[in-house]
2 protein chains.
Amino acid sequence: MDHIGDVLGQLFILLLAAKIGDEIFKRIGQPPVVGEILAGVIVGPAVLGWYQINAETMLFAEIGVVLLLFQVGVETRLHDLVRVGPTALAVGALGVILPFAGGFGLAEILGSPLVVAVFLAAALTATSVGITSGVLRDLGALRTRSGRVILGAAVIDDVLAMLILAFASGLAAGSVSLDRIALLVVVAVVFIGIVLVGGTRILARRRSILTDPKFAETPFLPGVIIMLGLAALSSLIGLAAIIGAFLAGMVVGESSERHALESEVAPVAAFFTPFFFGFIGAQVDLAGLANVGTLALVGGVTLIAVATKFIGAFVGAIRLGRAEATLIGWGMVPRGEVGIVVAGLGLQIGAIDGQLYTVVVAMAILTTLIVPPLLPALVRHAERDSERMPGGGPTPGVEDDDDGRRADTSV
Amino acid sequence: MDHIGDVLGQLFILLLAAKIGDEIFKRIGQPPVVGEILAGVIVGPAVLGWYQINAETMLFAEIGVVLLLFQVGVETRLHDLVRVGPTALAVGALGVILPFAGGFGLAEILGSPLVVAVFLAAALTATSVGITSGVLRDLGALRTRSGRVILGAAVIDDVLAMLILAFASGLAAGSVSLDRIALLVVVAVVFIGIVLVGGTRILARRRSILTDPKFAETPFLPGVIIMLGLAALSSLIGLAAIIGAFLAGMVVGESSERHALESEVAPVAAFFTPFFFGFIGAQVDLAGLANVGTLALVGGVTLIAVATKFIGAFVGAIRLGRAEATLIGWGMVPRGEVGIVVAGLGLQIGAIDGQLYTVVVAMAILTTLIVPPLLPALVRHAERDSERMPGGGPTPGVEDDDDGRRADTSV
């Protein structure tokens with residue numbers, strides 16, 4: 001009882017601190033996620049030491065990120081991956097390839113081992129769907145053409161980053177044999193393919209599993225059961241648990257009861273994700289950042305992260321004109337949770353050390369911090385520009401799908 | 001990662017099994033909670049061994065019961081404790097005193113130590129608010145006079161049982177000194193009083209804490225932060241964590257945003273409570289039940305639990321007439337989660353042994369199983385009876401409060 005009371009006290013401290021950090025950052029116009037991470041730095045071992053890292057707090061953090069990726073999956077439509085078309089694909093692919101190459105090249109220059117290079121490169125690739133879409137929602141720009149391209153590209157680069165992560169995880173597990181890596185990629189792709197295609201088809205045909213009122217009032221409990229099952233299965237075959245959770249979210253999100261599901265997942269995710277972000281912050285080594293060499297590395301990694309992502313996405317979107325390509329490139333810059341997840345995973349399995357972890361977290365925070373202040377001006381500029389150009393802007397007469405999102409394939 | 005994957009797998013197994021048990025019991029017209037407990041027995045160490053008891057699964061079970069009692073607290077109105085008046089108080093008090101005396105007397109006859117006697121007696125006292133109100137809701141009888149008396153009495157006996165539990169916990173902690181026990185009771189009462197009176201007054205005066213849209217969109221996150229804080233504080237001063245969670249629920253439930261809060265707490269509680277009930281089941285020692293002596297003890301304890309609760313509540317409600325007193329007495333019989341919580345706590349701190357724990361869990365399951373089949377007939381009988389009697393039945397012209405419950409103080 002004393003131990004449980006102690007754990008409850010630590011969870012209370014972390015949740016309270018994260019919520020306060022969240023509120024402060026909201027009020028100063030910065031992404032709340034950054035406030036939650038900094039709150040974790042403050043109450044964690046680095047500063048106050050009121051929150052410790054142990055089996056229980058780690059489980060809460062893990063459930064937090066599993067639920068976060070499940071929620072992102074639920075909010076991601078499979079057909080959005082297809083509909084946003086070639087532009088989103090180009091933005092997503094170039095926005096992954098360039099940062100990966102940049103991170104890998106930097107690690108090679110620094111003489112790091114292969115596994116470190118792959119983890120650093122993987123941590124630079126993925127745009128944060130959560131942060132980007134949150135900022136765009138605040139600006140009312142989610143339904144513009146640029147907004148849809150950013151969303152689609154962010155989803156595509158998330159999936160690519162997850163494949164890279166699967167690759168990196170296999171590498172870190174000691175399976176440097178190319179045969180095994182290829183096998184892992186095949187297993188991962190087959191797993192993802194079966195889950196997505198098979199899962200959505202089963203749900204489309206026999207909706208009874210999630211929406212039969214005799215089985216469940218809402219698809220929520222079946223959904224989280226599928227989430228836990230696919231997360232565990234994903235972990236079992238060598239992928240990260242969050243990949244299974246994301247796939248589970250996408251599969252369950254195809255259900256006709258998606259809106260009921262979203263409104264039930266929201267409070268559970270709201271309760272748990274602060275434990276993840278706070279935990280992330282609690283792992284930061286402030287003493288490590290006081291080192292000039294580390295600060296230089298933070299500067300270098302952040303510069304590469306911003307430049308490669310911006311250039312890759314800009315080039316991918318250039319056919320939409322300079323103004324929209326600039327908005328899209330800049331909107332893709334925030335890394336947020338996915339980069340931190342990759343780095344945290346690398347730290348957990350010993351693939352990267354505490355210094356590089358701190359550097360990646362600092363990079364994720366910096367890329368997340370610098371983007372929002374410039375976005376409103378870029379959105380206005382892109383809107384003015386698209387009004388002057390033919391085919392730009394929201395296309396009239398396009399059918400809205402049930403989300404109210406425009407089902408526009410013209411980009 | 002492998003360890004996290006393993007834990008996720010165990011949580012998946014337990015949640016899936018509990019949900020299946022839940023569905024089966026719903027379909028055969030039995031309380032779903034019993035299905036969840038039996039599912040825990042089956043996947044737990046007693047039968048299949050797919051689910052183990054460890055730090056992480058214990059934390060999930062604890063969070064499950066903390067959330068359950070928080071939810072019960074949110075759904076419990078402070079003014080309901082006052083409004084249902086003398087009848088509910090008599091039913092609640094007699095329905096606690098007789099089972100406590102019965103359990104204590106049985107333990108004395110068996111020659112058990114004082115701490116065992118107090119824990120057994122405490123485990124027999126509390127009617128399950130969740131189970132009783134769930135069954136009454138299904139029957140559409142929550143708003144009848146009998147329904148309101150049962151609800152009010154169940155809340156009163158829950159609070160009394162929690163005081164007894166605080167007393168028993170202090171006793172088990174080795175503080176057999178009467179001074180310390182008295183001090184503990186005073187501390188507990190002062191804590192409960194300050195939280196309830198102070199908390200609800202603060203919320204009534206300055207609603208900003210929970211409902212200021214600048215601080216939070218809904219009172220959910222502030223609510224669960226208060227829940228974790230009071231649960232930890234409660235544990236710190238020697239009460240059970242669930243007492244703090246229940247008080248937090250009652251305090252937060254006074255907020256004007258209660259309905260929004262309830263709809264957000266529901267999915268979180270729905271996700272977590274199966275881990276608690278499944279965990280309860282996983283602790284059952286089936287081999288222990290195969291013993292003739294244990295089976296005899298189960299029979300004796302269950303008989304005492306049913307008879308003392310029924311007689312106490314019947315006598316307390318006799319002024320309403322025999323038919324309603326019979327319904328109220330029978331409706332108070334299910335023990336469910338609170339008895340199991342008390343026994344589980346006693347097992348956890350070593351106050352009672354595995355055999356007695358198994359006996360109490362079996363008693364809780366049996367009292368929960370036998371009640372629902374007879375309730376429909378008793379409800380019909382009480383309704384026919386109250387129609388013939390003056391002052392009985394739903395009183396016309398009584399104001400509905402915001403819950404739609406009748407604010408009737410005539411009982």
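The residue numbering used here restarts from 1 in each chain and proceeds along that chain's sequence as written. Key to labels: chains lettered from A, ligands numbered from 1, both in the order written. It should be noted that, the model being predicted, local features are given only for residues of pLDDT at least 70 and side-chain atom pairs only at 80 or more, the latter also being counted only at that level, while totals for whole chains, interfaces and linings use all residues.

## A look at the overall build of chain A
- In DSSP terms, a helix is any run of H or I states spanning at least four residues, a strand is any run of E spanning at least two, and both are numbered starting from the N terminus. Assigned secondary structure in chain A consists of 18 helices and zero strands.
- Among the 411 residues that make up chain A, the fraction classed as buried is 60%.
- Counted over contacts in chain A with a minimum sequence separation of 6, partners at least 24 positions apart contribute 77%. With C-beta atoms placed from the backbone, a residue is labelled by how many other C-beta atoms lie within 10 Å of its own: buried for 20 or more, exposed for 12 or fewer, partly exposed between the two. Contacts are defined on C-beta atoms placed from the backbone: any two residues whose C-beta positions lie within 7 Å are in contact.

## Overview of the environment of A:Thr127
Residue and element names in this part refer to chain A.
- Note that Thr-127 resides in the loop between α6 (114–125) and α7 (129–138).
- Judged by local crowding, Thr-127 falls into the buried class, with 32 C-beta atoms found within 10 Å.
- Along the sequence, Thr-127 and Leu-375 sit 248 residues apart, while their C-alpha atoms lie 15 Å from each other.

## Brief notes about the interface of chain B and chain A
- Contacts between chain B and chain A engage 35 residues on the former and 35 residues on the latter.
- No other element matches helix α1 (residues 2–27) of chain B, which puts 11 residues into the side of chain B that touches chain A.
- Under this grouping Gly is polar, as are all residues other than the nonpolar Ala, Val, Leu, Ile, Met, Phe, Trp, Tyr, Cys and Pro and the charged Asp, Glu, Lys and Arg. For the side of chain B that touches chain A, the residue count by class is 25 nonpolar, five polar and five charged.

## A look at helix α11 (residues 220–236) of chain B
- A rise of 1.5 Å per residue sets the reference length of α11(B), with its 17 residues, at 24 Å; its end C-alpha atoms lie 24 Å apart and thus fit the reference within 8%.
- Summarising burial for α11(B): 15 of the 17 residues are buried, a large majority. For a helix, the expected span equals 1.5 Å multiplied by the number of residues minus one.

## Here's the deal with helix α3 (residues 55–74) of chain B
- With 20 residues, α3(B) should cover 28 Å at 1.5 Å per step; its first-to-last C-alpha distance of 28 Å lies within 8% of that length.
- Judged by how many residues are buried, α3(B) sits mostly within the fold: 18 of 20 residues are covered.

## Let's talk about the relation of the copies chain B and chain A
- Superposing the copies works by least squares over the C-alpha atoms of residues that have pLDDT at least 70 in both of them. Taken as rigid bodies, chain B and chain A are interconverted by a rotation of 180 degrees and an axial shift of 0.0 Å, the fit giving an RMSD of 0.1 Å. These values place the two chain copies in the arrangement generated by a two-fold rotation axis.
- When you check the interface residues of chain B against chain A, 100% turn up at the interface there too, and the contact is symmetric in its surfaces.

## Let's talk about the confidence of the model for chain A
Residue and element names in this part refer to chain A.
- Per-residue confidence from the prediction method is given by pLDDT, with values spanning 0 to 100. In the predicted model, chain A carries a mean pLDDT of 78, and the fraction of residues at 70 or more is 77%.
- Helix α15 (residues 292–317) holds the highest mean pLDDT among the elements of chain A, 93, whereas helix α10 (residues 208–211) holds the lowest, 52.
- The low-confidence segment residues 391–411 (pLDDT under 50) makes 30 contacts with residues lying over four places distant or belonging to another chain.
- The complex prediction reports pTM at 0.74, with the ipTM value standing at 0.73.

## Looking at the packing of helix α15 (residues 292–317) of chain B against helix α16 (residues 322–331) of chain B
All names here are of chain B.
- Note on method: axes are straight lines fitted to C-alpha atoms, helices fitted across the in-contact stretch only, with angles between N-to-C directions ranging 0 to 180 degrees. Where α15 contacts α16, the axes come no closer than 8 Å and their chain directions differ by 145 degrees. Handedness of the α15/α16 crossing: right-handed. Residue-level inspection shows Phe-310, Ala-313, Phe-314 and Ala-317 of α15 in contact with α16, the latter providing Glu-324, Ala-325, Thr-326, Ile-328, Gly-329 and Trp-330. Each crossing gets its hand from how the near helix is turned against the far one by less than a right angle, where anticlockwise is left-handed and clockwise is right-handed.

## Description of the packing of helix α5 (residues 85–109) of chain B against α15(B)
Residue and element names in this part refer to chain B.
- Their axes nearest at 7 Å, the elements α5 and α15 cross at an angle of 155 degrees. Judged by the angle between their axes, α5 and α15 are roughly antiparallel. In this structure, α5 crosses over α15, and the sense of that crossing is right-handed. Between α5 and α15, the contacting residues are Thr-87, Ala-90, Val-91, Leu-94, Gly-95, Ile-97, Leu-98, Pro-99, Gly-102, Gly-103 and Leu-106 on the first element and Gly-300, Val-301, Ile-304, Ala-305, Thr-308, Lys-309, Ile-311, Gly-312, Ala-313, Val-315, Gly-316 and Ala-317 on the second.
- Looking at side-chain class alone, the contact of α5 with α15 contains 14 nonpolar, eight polar and one charged residues. If an angle is under 35 degrees, it is roughly parallel; if it is over 145, roughly antiparallel; if it lies from 65 to 115, roughly perpendicular; otherwise it is oblique.

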